[in-house]
Amino acid sequence: MNVAEKIADYLASKGCTHAFGIVGGANLALFSAISKRLEVISVHHEQAAAGAAWSFYRTSGRIAPCLVTAGGGSVNALTGVAAANFDSIPLLVIAGNEMTKFFKYPRTRNVGFQGFNSAEAAKPFTKMSMQPDNPLGAMLALDGLYKLALEPRCGAVWVDIPQDIATMEAK
């Protein structure tokens, strides 16, 4: 079982039934695995995905993850993420990103094709954001962030999962 599949199982075990997002190259493994366990509703814009996810929480009391991809997809989600955080609404953002090898080199504009450190960019708009660099770290980050989103004062959290981590074997 790879990390993406383990993330899908984790979300289902927490009672998640829905997710909202847009598929892209950097979140393809995550989107595919999660769509096998939850009803994934594709929207037209990442801001709408965040808004739909926190609206789902407001109406059901259950977290519905927001699924975004690298680059513009992550940036587009930030307005909806900020809104959830400002209003103290639990929101879990799972962002796909470029492979970890691209983050090891100095860059001038982006990492890989469209990536950047979206976890760093999300920090001012979340209770916490993380970009794990190994499979165990990804699962620990997901668990900790999920719980943190629901702790008073509730709010938005962000986990940035690079493509290679999402497809690695989970233990």
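Everything here concerns the structure above.
It should be emphasised that the depicted structure is a prediction, and the values quoted were computed from it without experimental measurement.

Draft legend 1. Spatial organisation of the sheet that holds strand S1 (residues 18–21). The parallel open sheet is built from six strands, whose spatial order is S2-S1-S3-S4-S6-S5. Every other strand in the sheet has two partners, leaving strand S2 (39–42) and strand S5 (128–130) as the edge strands with one partner each. Averaged over all adjacent pairs, the angle separating strand axes in this sheet is 20°, with direction ignored. Bridging between strand S4 (residues 91–97) and strand S6 (residues 156–162) involves seven bridges; their strand directions are parallel. The residue of S6 that forms the bridge with Val93 is Trp158.

Draft legend 2. Broad picture of the side chain of Thr69. On the secondary structure map, Thr69 appears in the loop between strand S3 (66–68) and helix H4 (72–86). There is a polar contact of 3.2 Å between the side chain of Thr69 and the backbone nitrogen of Ala26. Not counting the four nearest positions on each side in its chain, Thr69 is found in contact with Ile22, Gly24, Gly25, Ala26, Asn27, Ser74 and Gly96.

Draft legend 3. Summary view of the nonpolar core. By size, the foremost hydrophobic cluster in this structure holds 31 residues, and its most contacted members are Ile7, Leu11, Ile34, Leu92, Ile94, Leu142 and Ile161. Of all elements in the fold, only helix H1 (3–13), helix H2 (28–35), S4, helix H6 (135–150), S6 and helix H7 (163–166) reach the threshold of two or more residues within this core. Considering each element in turn, this core owes the most residues, eight residues, to H6. In this structure, Ile94 is in contact with Ile7, Leu11, Leu30, Ile34, Pro65, Cys66, Leu67, Val68, Leu142, Val159 and Ile161, ignoring residues within four places of it in sequence. Counting 22 residues, the second largest nonpolar core, distinct from the first, contains Ala50, Ala84, Val93 and Trp158.

Draft legend 4. The arrangement of the packing of H1 against H6 in detail. Relative orientation of the contacting elements H1 and H6 amounts to 20°, with a least axis distance of 10 Å. Between H1 and H6, the interaxial angle falls into the category roughly parallel. Handedness of the crossing formed by H1 with H6: right-handed. Packed against H1, whose contacting residues are Val3, Lys6, Ile7 and Tyr10, the element H6 presents Pro135, Ala138, Met139, Leu142, Asp143 and Tyr146 at the interface. Here the contact of H1 with H6 is composed, by residue class, of eight nonpolar, no polar and two charged.

Draft legend 5. Summary view of helix H3 (residues 46–60). Between its first and last C-alpha atoms H3 spans 21 Å; for 15 residues at 1.5 Å apiece the expected length is 21 Å, and the two agree. Listed in full, the buried residues belonging to H3 are Glu46, Ala49, Ala50, Gly51, Ala52, Ala53, Trp54 and Phe56. In this structure, the buried residues of H3 make contact with S1, S3, H4 and S4. Once H3 finishes, Gly61 follows within two positions and takes phi at roughly 80°, a positive value.

Draft legend 6. Just the packing of aromatic side chains, in detail. Evaluated as defined, the whole model comprises two aromatic pairs. Note on Tyr10 and Tyr146: the rings are 5.9 Å apart at their centroids and 90° apart in plane angle, and the pair reads as edge-to-face. Of this pair, Tyr10 sits in helix H1 while Tyr146 sits in helix H6, and the two are 136 residues apart along the sequence. Looking at Tyr10, the relative accessible area reads 12%, which means it is buried. Judged by relative accessible area, which is 8%, Tyr146 ranks as buried. Centre to centre, the rings of Phe20 and Phe56 are 6.0 Å apart; their planes meet at 55°, and the pair counts as tilted. With Phe20 in strand S1 and Phe56 in helix H3, the pair connects residues that are 36 residues apart, well separated along the chain. Each member of the pair, Phe20 as well as Phe56, carries the same accessibility label: buried.

What counts, and where the lines are drawn
- Residues numbered from 1 in each chain as written.
- Predicted model: local features only at pLDDT ≥ 70, side-chain atom pairs only at ≥ 80, totals over all residues.
- Heavy atoms only, no water.
- Pairing = 2+ DSSP bridges.
- Helix = DSSP H or I, 4+ residues; strand = E, 2+ residues; numbered from the N terminus.
- Axes fitted to C-alpha atoms, helices over the stretch in contact; angles between N-to-C directions.
- Polar contact = N/O pair within 3.5 Å; in protein donor to acceptor, adjacent residues only side chain to side chain.
- Contact = heavy atoms within 4.5 Å.
- Core = buried A, V, L, I, M, F, W, Y, C linked by side-chain atoms within 4.5 Å.
- Buried < 20%, exposed > 50% of the residue type's maximum accessible area, 1.4 Å probe, protein only.
- Parallel < 35°, antiparallel > 145°, perpendicular 65-115°, else oblique.
- Left-handed = near helix turned anticlockwise from the far one by under 90°.
- Nonpolar A, V, L, I, M, F, W, Y, C, P; charged D, E, K, R; others polar.
- Expected span 1.5 Å × (residues − 1).
- Phe/Tyr/Trp six-rings, centres within 6.5 Å; stacked < 30°, edge-to-face > 60°.

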